[in-house]
Amino acid sequence: MKLSKLTKKINELDEFYAEAEGDYLYIRQKSDGDYFVRFNLRSNDLYGDGYIDGTILAQHLNDGAIEALEIIRKYLNERENQQKYILPLGVDRDGDANYLGINPNGLGVGYGNNPNAYTQEELDAAKKQFPAIANLIEEIKEPN
């Protein structure tokens, strides 16, 4: 399931709407905009770097809260099973492996043993955002 499909399904619920802000997706109440769920789009763990408001969950238990959580879980399960890629750039003079890092705010170079891994959907979005390096991304990507 793509992020656009996730947000569409959430937006179809009576009580909630979805909104992406930076690396996070927020599920907000339509009534006042308070967020019910927040999770990091770079993580497959809803609970590790996310938040679920228990009060809102209790208030809307029969009004779509459980359905919203099920939609998110399906999205995360499908995303977790997708092939992930790393973007190696080479080794610097100190012998450290360098990797191209992409995010909505720009590009970066990281090094070390734990490079960021990206889905093909994320790579496609980066190629649209940074067309000058689209070919480079395809040339250097390696399965993680």
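As a reminder, the structure under discussion sits directly above these lines.
Draft legend 1. Layout of the packing of helix 1 (residues 3–11) against helix 3 (residues 61–80). The geometry of helix 1 relative to helix 3 is characterised by a closest axis approach of 10 Å and an angle of 170° between their N-to-C directions. By the angle between their axes, helix 1 is roughly antiparallel relative to helix 3. Counting all contacts with helix 1, which are made through Leu 3, Leu 6, Lys 9 and Ile 10, the residues of helix 3 involved are Ala 68, Ile 71, Ile 72, Lys 74 and Tyr 75.

Draft legend 2. Molecular detail of the environment of Ile 133. With respect to the helices and strands, Ile 133 occurs in the loop between helix 4 (120–129) and helix 5 (134–140). On the basis of relative accessibility, which here comes to 18%, the residue Ile 133 falls in the buried class. Not counting residues up to four positions away in its chain, the partners in contact with Ile 133 are Leu 100 and Leu 107.

Draft legend 3. Looking closely at the sheet that holds strand 7 (residues 97–103). With antiparallel pairing, the 3 strands of this open sheet are ordered in space as 6-7-8. Each end of this open sheet is capped by a strand with a single partner; those strands are strand 6 (88–91) and strand 8 (106–111). The sheet shows a mean angle of 25° between the axes of neighbouring strands, direction not considered. Direction of pairing for strand 6 relative to strand 7: antiparallel, over a ladder of 3 bridges. Opposite Pro 88, over in strand 7, you have Tyr 99 as the bridge partner.

Draft legend 4. Molecular detail of helix 3. Helix length check: helix 3, at 20 residues, gives a terminal C-alpha distance of 27 Å against a target of 28 Å (1.5 Å per residue), a fit within 8%. Looking at helix 3, one finds that the buried residues are Gly 64, Ala 65, Ala 68, Leu 69, Ile 71, Ile 72, Tyr 75, Leu 76 and Arg 79. The buried residues of helix 3 occupy one face: seen down the axis, they fall within an arc of 155°. Seen from the open side of helix 3, the exposed residues pointing more than 90 degrees away from its buried face are Asn 62 and Glu 70.

Draft legend 5. How the structure looks around the pattern of salt bridges. For the coordinates displayed, the defined rule picks out 5 salt bridges. The partner of Arg 28 in a salt bridge is Glu 21, with the nearest N and O atoms 3.1 Å apart. The partly exposed category is assigned to Glu 21, whose relative accessible area is 35%. Beyond isolated ion pairs, a larger network of salt bridges with shared partners links Asp 124, Lys 127, Glu 138 and Lys 141.

Draft legend 6. Geometry of the pairing of strand 2 (residues 24–29). Summarising burial for strand 2: 5 of the 6 residues are buried, a large majority. Inspection of the sheet shows strand 1 (residues 16–21) paired to strand 2 by 6 bridges, in the antiparallel sense. Its bridge partner lying in strand 2, Ala 20 is registered against Leu 25. Remark: 2 residues form the turn of the hairpin made by strand 1 and strand 2, two consecutive strands paired antiparallel; Gly 22 in that turn has positive phi of roughly 65°. Judged from the 5 bridges that link them, strand 2 and strand 3 (residues 35–40) form a sheet pairing that is antiparallel.

Rules and cut-offs
- Residues numbered from 1 in each chain as written.
- Predicted model: local features only at pLDDT ≥ 70, side-chain atom pairs only at ≥ 80, totals over all residues.
- Heavy atoms only, no water.
- Axes fitted to C-alpha atoms, helices over the stretch in contact; angles between N-to-C directions.
- Helix = DSSP H or I, 4+ residues; strand = E, 2+ residues; numbered from the N terminus.
- Parallel < 35°, antiparallel > 145°, perpendicular 65-115°, else oblique.
- Contact = heavy atoms within 4.5 Å.
- Buried < 20%, exposed > 50% of the residue type's maximum accessible area, 1.4 Å probe, protein only.
- Pairing = 2+ DSSP bridges.
- Expected span 1.5 Å × (residues − 1).
- Arc of directions from axis to C-beta.
- Salt bridge = Lys/Arg side-chain N within 4 Å of Asp/Glu carboxyl O.

These values are about where atoms sit, not about what they do.
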